[in-house]
Amino acid sequence: MDRVSLLLVILGAINWGLIALFQFDLVAYLFGGSAATVSRIIYGIVGLAGLWCISLLFRDRDRDEVSDRDS
């Protein structure tokens, strides 16, 4: 879940970079405009992924590394 969330946040950041640099919203372009239902769902999923990634800031890093090695 962490990696999927991080990937979605990265894709969202790239989309925001495209908006800032070129005024081009890739999500809106691909899914029929920023008000389209599919676009709004994508924006919502990226937003939820961002909220999930906040938890990465507060996790005990040593504990995560040990559990990764045990898997």
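Everything that follows concerns the structure shown earlier in this document.
Given the structure is predicted, the values throughout are model-derived calculations rather than measurements. (Residues numbered from 1 in each chain as written. Predicted model: local features only at pLDDT ≥ 70, side-chain atom pairs only at ≥ 80, totals over all residues. Heavy atoms only, no water.)

A. How the structure looks around a nonpolar patch on the surface. Together, Leu21, Phe22, Phe24, Leu26, Tyr29, Leu30, Phe31 and Val38 give the surface a local cluster of nonpolar side chains, amounting to about 830 Å² of exposed area. Where the nonpolar patch is concerned, the elements lending two or more residues are helix H1 (2–22) and helix H2 (26–31). Ranked by residue count, the leading element in the nonpolar patch is H2, at four residues. Position of Phe31 relative to the elements: it lies in helix H2. (Patch = residues over 30% accessible without salt bridge, like charges linked within 9 Å, V, L, I, M, F, W, Y side chains within 5 Å. Areas by Shrake-Rupley, 256 points an atom, 1.4 Å probe, with all protein chains shown as cover. Salt bridge = Lys/Arg side-chain N within 4 Å of Asp/Glu carboxyl O. Helix = DSSP H or I, 4+ residues; strand = E, 2+ residues; numbered from the N terminus.)

B. Inspection of helix H3 (residues 37–57) at higher detail. Compared with an ideal rise of 1.5 Å per residue, which puts 21 residues at 30 Å, H3 spans 31 Å between its outermost C-alpha atoms and is within 8% of the ideal. When we look at burial in H3, the residues that qualify are Ser39, Ala49 and Cys53. Take H3 and look down its axis: the buried residues cluster within an arc of 85 degrees, on one side only. Turned more than 90 degrees off the buried face of H3, the exposed positions are Thr37, Arg40, Leu48 and Leu51. Lining the buried residues of H3 we find H1 and H2. (Expected span 1.5 Å × (residues − 1). Buried < 20%, exposed > 50% of the residue type's maximum accessible area, 1.4 Å probe, protein only. Arc of directions from axis to C-beta. Contact = heavy atoms within 4.5 Å.)

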